[in-house]
Amino acid sequence: MNHHLEQQAAESEKKKVKLLGFWASPYVLRVKWALAMKGVEYEYVEEDLQGKSAELLAYNPVHKKVPVLVYHGRPIAESQVILEFIDDAWSHRGDPILPRDPYQRAMARFWARFQQDKLSPPIWRWFTTEGEEQEAAYEAAVEQLLVLEKELAVSGKPFFGGEKVGFVDLSLGTLAYVIPIYEEIVTGGGGGVKMVTEEKMPSLAAWMGRFLSSPAVRGHLPPLEKLRPRYQAMREWFLVSARAKVEQQQQ
């Protein structure tokens, strides 16, 4: 196919595929990475989450959230569901996102669920609290991160998906990007307590570097200079709210 025909095909595809998202959403990032892995051209629509568009509300009336992938006018919501759809709809392109083996497929879904249910909550709690509550959240988060460290070390593979980035990597991937930002903000940029270190979690630390430098990922990362102040403001909001609550209870 010559360059002109390739351009025409890309433009045609772009008209059929649309992604409604928000630049800082970790869930939207997953979808962008998956589309990049499959080489899918699409129209991107940035949403204002404080004033959601009529289009978003019509396409996702149940959750009213991003991401929403629109394919030939039909919407698919929820990032994990979208990842599976992308893998199926463009199965003829790129590397598979989910393993083809039924058992490995089930395990990939299991670890993606682990991230959602067991890992992300204590990490977020650690980032948005202080004092004893933060210490307890840190211990809980490290405990779960060590579970992942063991899983990766035992497999001996560069990625959770094996030799290439897959479903589990995409599900966990935003943590590779935001954990260092959380650490920097919590410690005030002066070192101190870290969640993932090469000494404690060598396999996980190496995976984070490999994942972030993989071609589909490195070209679709939100700018640090925009993300850092956003997270800083979120942490401050949570801390101020918690302190105000305590003061109220003491009165």
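Conventions adopted
- Per-chain numbering applies: the sequence of each chain, read as written, is numbered from 1 onward.
- Note on the predicted model: pLDDT of at least 70 is required for a residue's local features to be given, and 80 or more for side-chain atom pairs to be given and counted; whole-chain, interface and lining totals, by contrast, use all residues.
- Here the side-chain values reflect all heavy atoms present in the structure, with hydrogen atoms and water set aside.
- In this scheme, a residue with accessible area under 20% of its type's maximum is buried, one over 50% is exposed, and one in between is partly exposed, where area comes from a 1.4 Å probe on protein chains only.
- Helix and strand definitions here come from DSSP, where helices need a minimum of 4 consecutive H or I residues and strands a minimum of 2 consecutive E residues; each element is numbered from the N-terminal end.
- Summarising the geometry, the arc corresponds to the directions from the helix axis toward the C-beta atoms.
- For this analysis, residues touch if any pair of their heavy atoms sits within 4.5 Å.
- All domain edges in this entry derive from an automatic or database-based domain assignment.
- Using a 1.4 Å probe, buried area is obtained as the accessible area two parts lose upon being combined, added over both of them.
- By definition here, a salt bridge exists when the distance from a side-chain nitrogen of Lys or Arg to a carboxyl oxygen of Asp or Glu is within 4 Å.
- Polar contacts, as used here, are pairs of N or O atoms within 3.5 Å; protein pairs need one atom able to donate a hydrogen and one able to accept it. Residues neighboring in sequence count only if both atoms are side-chain atoms.
- Following the grouping adopted for this structure description, the nonpolar residues are Ala, Val, Leu, Ile, Met, Phe, Trp, Tyr, Cys and Pro, the charged ones are Asp, Glu, Lys and Arg, and the polar ones are all others, Gly among them.
- If DSSP finds at least two bridges between two strands, the strands pair.
- An axis is simply a line fitted to the C-alpha atoms; with a helix, the fit covers only the stretch in contact. Between two such axes, the angle follows the N-to-C directions and lies from 0 to 180 degrees.
- UniProt positions are given in the numbering used here, feature names are shortened, and annotations may be inferred rather than shown by experiment.
- Take the residue count of a helix, subtract one, and multiply by 1.5 Å to get its expected span.
- Two axes define the bend at a residue: one fitted to the seven residues ending there, one fitted to the seven starting there, and the bend is the angle between them.

Observations regarding helix 4 (residues 79–89)
Every buried residue belonging to helix 4 is among S79, Q80, I82, L83, I86 and D87, and all of these are buried. Axial view of helix 4: buried residues confined to an arc of 160°, hence all on one face. As for helix 4, its buried residues are in contact with helix 2 (26–37), strand 3 (68–71), strand 4 (74–77), helix 5 (102–127) and helix 7 (167–186).

Quick notes on the domain arrangement of the protein chain
For the protein chain, the assigned domains read domain 1 (3–89) and domain 2 (102–244). Here the C-alpha centre of domain 2 lies 24 Å away from the C-alpha centre of domain 1. Listed as interface residues are 16 residues of domain 1 and, on the opposing side, 20 residues of domain 2. Carbon and sulfur atoms make up 66% of the area that domain 1 and domain 2 hide from each other, which totals about 1700 Å². Viewed at the interface, domain 2 and domain 1 are joined by one salt bridge. When the shortest N-O distance is used, the salt bridge between R109 and E84 registers 2.9 Å. Joining domain 1 to domain 2, the criterion identifies five residue pairs in polar contact (both at pLDDT 80 or more). Counting only elements with at least two residues in the side of domain 1 that touches domain 2, the list comes to helix 2 and helix 4. Considering every element that reaches the side of domain 1 that touches domain 2, the biggest residue donor is helix 2, with eight residues. Its residues assigned to classes, the side of domain 1 that touches domain 2 shows 11 nonpolar, one polar and four charged.

Thoughts on the sheet that holds strand 3
Pairing is mixed in the open sheet, where four strands are placed in the order 2-1-3-4. Only two strands of the sheet have a single partner each, and these edge strands are strand 2 (43–46) and strand 4. Taken over all neighbouring pairs, the strand axes of this sheet differ in orientation by 20° on average, direction set aside. Bridge count for strand 1 (residues 17–21) against strand 2 is four bridges, and the pairing is parallel. Each bridged residue has a counterpart across the sheet, and for G21 the counterpart in strand 2 is E46. In this fold helix 2 packs onto strand 1, strand 2 and strand 3, with an angle of close to 155° to the strand it touches most, strand 1. Here helix 4 sits on the sheet in contact with strand 3 and strand 4, set at roughly 125° to strand 4.

Describing the UniProt feature "domain: GST N-terminal" (unreviewed entry) in the protein chain
Cross-referencing UniProt, the feature "domain: GST N-terminal" (unreviewed entry) maps to residues 15–94 in the present numbering. Within the segment residues 15–94, helix and strand shares are 39% and 21% respectively, and the terminal C-alpha atoms sit 21 Å apart.

Observations concerning helix 5
Between its first and last C-alpha atoms helix 5 spans 37 Å; for 26 residues at 1.5 Å apiece the expected length is 38 Å, and the two agree. The sharpest bend along helix 5 measures roughly 40° and falls at L119, with the proline P121 sitting one to four residues further on. Buried residues of helix 5: R105, A108, W111, A112, F114, Q115, L119, S120, P122, I123, W126 and F127, and no others. Taking the backbone nitrogen of Y103 as reference, a side-chain oxygen 3.2 Å away marks D101 as the first, capping residue of helix 5.

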